[in-house]
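# Coordinate inspection notes
Below are the chains, spelled out letter by letter.
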Amino acid sequence: MSAQPVLRTTAGELAQSVAAGIRRGGRLAALVASARDDGSHVLRAILATAGRLAVIESELPPGVEAYPAVTALVPGASWYEREIHDLFGLAPQGHGRLDPLVLPLADGAARPRPGARTAPGAVELAVSGLPGHVMGEGVFTIPYGPVRSGVFESVQYLVETVGEEILHLRTRVYHKHRGIERRFQELRADDAVLLAERVEGTASVAHALAFCQAVEALAEVTVPSRAALVRVAHAELERIVTHLDSVIRHTEGAGQAVANARLSVHKERLLRLRARLCGHRFGRGVVVTGGVSGPPLMAPSEAIGVTGTLERALCADLDALMSTPSFLDRLRGTGMLPVGVAEAHGAVGPVARGSGIDNDVRAERPYAAYRELGFVARIGSSQGDALERQRVRLDEIGASFELVRHALGALDGGDGQWRAEAVPGAGTVVTSVEAPQGELLYLVESDGTALVRVKPRTASFHNLSLLSEAFRGDIFTDFVFIEASFGVSIAGVSL
Amino acid sequence: MPWVLRGLRDGIVTTGYPRRVDGYGAGFRGAVRVLEPEPDPSLTSGLPELCPTGAILVESAEARAVRIDRGRCILCGRCVGARPDLFAFDPLVEVATSSRRALVVPEEPDEDDEVRRIRVQLARRVRALRRSVHIRHLDAGSDGAEEAEIAALTGPIYDLERLGMFFTATPRHADVLLVTGTGTAGMADELRRTFEAMPDPKVVIACGTDATSGGLVGPSYSAGGGIAGLVPVDVFVPGSPPSPFSLLHGLLLAVGLLPVAGRSRC
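Calculation rules
Residues numbered from 1 in each chain as written. Chains lettered and ligands numbered in written order. Predicted model: local features only at pLDDT ≥ 70, side-chain atom pairs only at ≥ 80, totals over all residues. Helix = DSSP H or I, 4+ residues; strand = E, 2+ residues; numbered from the N terminus. Buried ≥ 20, exposed ≤ 12 C-beta atoms within 10 Å, placed from the backbone. Contact = placed C-beta atoms within 7 Å. Domains from an automatic or database assignment. Nonpolar A, V, L, I, M, F, W, Y, C, P; charged D, E, K, R; others polar. Pairing = 2+ DSSP bridges. Right-handed = clockwise from strand over helix to strand, strands pointing away. Core = buried A, V, L, I, M, F, W, Y, C linked by C-beta atoms within 7 Å. Axes fitted to C-alpha atoms, helices over the stretch in contact; angles between N-to-C directions.

## Here's the deal with the overall build of chain A
When its secondary structure is counted, chain A shows 15 helices and 14 strands. Judged by the C-alpha coordinates and their principal axes, chain A covers about 60 × 60 × 45 Å. For chain A, with 495 residues in total, the buried portion stands at 58%. Sequence separation of 24 or more characterises 68% of the internal contacts of chain A that already satisfy a separation of 6 or more.

## So, the interface of chain A and chain B
Contacts between the two partners involve 53 residues from chain A and, on the opposite side, 47 residues from chain B. Where the side of chain A that touches chain B is concerned, the elements lending two or more residues are helix 3 (180–185), helix 4 (189–196), helix 7 (257–278) and helix 8 (300–321) of chain A.

## Overview of the domain arrangement of chain B
Residue and element names in this part refer to chain B. Annotation of chain B at the domain level lists domain 1 (31–90) and domain 2 (112–254). Averaged C-alpha coordinates put domain 1 and domain 2 at centres separated by 27 Å. Each partner contributes to the interface: domain 1 provides eight residues, whereas domain 2 provides eight residues. Split into classes, the residues belonging to the side of domain 1 that touches domain 2 amount to four nonpolar, two polar and two charged.

## Topic: the pairing of strand 6 (residues 133–139) of chain B
Residues and elements named next belong to chain B. Among the seven residues in strand 6, six count as buried, and that is most of the element. Sheet topology places strand 6 next to strand 7 (residues 165–167); three bridges connect them, and they run parallel. By the bridge assignment, Ile135 is partnered in strand 7 with Phe167. Following the backbone out of strand 6, through helix 5 (residues 145–152) and into the adjacent parallel strand 7, one traces a crossover that is right-handed. Alignment of strand 6 against strand 8 (residues 176–180), held across five bridges, turns out to be parallel. Across the sheet, Ile135 pairs through a bridge with Val176, a residue of strand 8.

## Some remarks on the nonpolar core
Counting residues in hydrophobic clusters, the biggest one holds 231 residues, and the most contacted among them are A:Phe211, B:Val176, B:Val179 and B:Ile205. In terms of residues, this core owes the most to one element, helix 6 (residues 225–253) of chain A, which gives 13 residues. Not counting the four nearest positions on each side in its chain, B:Ile205 is found in contact with B:Val176, B:Leu177, B:Leu178, B:Val179, B:Asp234, B:Val235, B:Val237, B:Gly250 and B:Ala254.

## What to know about the sheet that holds strand 8 (residues 156–161) of chain A
The strands that make up a sheet pair up through hydrogen bonds in the backbone, lying either parallel or antiparallel. All names here are of chain A. The three strands lie next to each other as 7-8-9, forming an open sheet whose pairing is antiparallel. Sheet topology places strand 7 (140–144) and strand 9 (166–172) at the edges, where each strand pairs with a single neighbour. Between one strand and the next, the sheet's axes are offset by a mean angle of 20°, whatever the strand orientation. The pairing of strand 8 with strand 9 spans six bridges and is antiparallel. Across the sheet, residue Thr161 finds its bridge partner in strand 9, namely Ile166.

## Quick notes on helix 2 (residues 78–88) of chain A
Residues and elements named next belong to chain A. With 11 of 11 residues buried, helix 2 lies mostly within the body of the structure. Buried within helix 2 are the following residues: Ser78, Trp79, Tyr80, Glu81, Arg82, Glu83, Ile84, His85, Asp86, Leu87 and Phe88. Buried residues along helix 2 sit against strand 2 (27–35), strand 3 (41–49), strand 6 (91–93) and helix 14 (459–464). Phi for Gly89, located one or two positions after helix 2, is positive at around 75°.

Printed below as a string of structure tokens:
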């Protein structure tokens, strides 16, 4: 793995360069800013093109805090530029709707500016000025959250409605902002993995993996092949559990009590299997810089047997669920995400695949041992409803079980190291993995002695801005399915 | 109809905890234990630096005691890997306490009395709740894993309702506030308002290392160093995230339903 090709351009031409890259078949995967101590900033647009990531980079010298908005030409950049405005105070000219997103601060307040050395003191949020009013006959807004009925992560949806039909949805995501990006800079690379595991708790392995791949690229080391297999096994177990959790939320919403109970039991058994394999129910501590922390704590052959038993029991219930009309009726035609919308935005993960778009990182830019294991991506039809997203997840659960068994099977009998020493050299890299929620990117910049900038770009952040697009003509009772079918982890949205 | 029969397929899967020993805890890294609380002073250099969250405390040269603050520990195992002579994983999952100080282990001798006193006070306060406890969960900036473990409590294996405990949608019906996360700037007001909306008597549980101390994440410019600065906390459940058994232990402790003494039952 090597650093990406970098195209340098002026901030004034960034928008055109990104638009040109997209016309040539690229997809805007992220727009990331970094601050420097002298008051300057670097803007990096990350484009995903066939088989690789490319970076378009431009600098804003000290004192320059405005540039022509990328959003004006590429609407998918909207949330990125709002995030950059919140964290750095940079103003994209011509953005159109620069409301606070991840951290609402008063004008002129000190900004976190990750990348720069000096951190601000405790911030005070300015939430009273956030837009929330709607106009029109009989139209009103229902604020749903951040404390919601049930066990949910904190997020607020402003549901604009005339009574039953949801006309529009606004999403407020700042409540959980923890200052993760700055925190990364304060940690050594091998401790920073622990923080990566806590960015999105339901994608701990994926985050650790993406971060460690970046460190390994900067250190120019190759991970031992056995370690790569262990990484795949844990990443796929994580995918199974997280996809299953999405299905469980659907059954809860649909009142399928028995299915809900049984799937919860399967999920618990899977978590226990993960704990037996590594000592942690969410796979934390497995992925370390340069490899994995050690061999599985359970004999691979035994783990394969347990996995098989679990899969048979789980799939029997999932098959029954997918032939239960009272369940399917709730999902069919619900939360339509037209392929055109998904494509224009560059949707990722099961949300994209449910609309017939394939950009599975495991197949497009294989990492760990996916190439050796012969991974082939599966996509859904272009149906684009909650049911199709559910089908995609169920397909992937089956494929993941197979990958777990293959990875564990290939482990048996092999020998060699579990971990290579990885000391990151100076440079900037972007790495990607397919987290359960979709494409996860890490931009890591090191000056050779310390990490100066770490930016995780989660699929949750990227996809959540599409959520409002999936509410065309849907009503309140559909809300739970549309939300669950997006499978977003709120912790990963505002870092 | 097929679902009715399917539902009977596995028989009873629910744990016997807390009335019976469950056994699952044995395979689980639930806590870190100090094997040698008073090692030779030459062995203690560099110990605090081992821990990324500062959970290893080495007292003054005279006392030279080594202790672990479970309220800061995220169970990463750095110390166990580097110094197996001093630290070990413990399959203990009954890690909840009613005093922040008691999370620092091994406990100091005078702490026992204090912990007992706090627990008696708490038990007196919650006496009316015991047979019907309603829980309001609130996320004050977690990483999302705590929510997954809390959600597991309502499943058939842990089945909270058999203990007379129920999740409720509104703080006005709630007796217990189960809080996850570091206490972020964006949730501070919501946390206080939720607490104030609850009727007395009420109990607050800090769920997880983040909620107890900020863990690896807080304090920062927007994350708190635990929720105790925002609302009064009665029970701390460390863990990153705490396992469902640890959560059950914390809930039972919070409402005075825990068998008084005895060995671990998980």
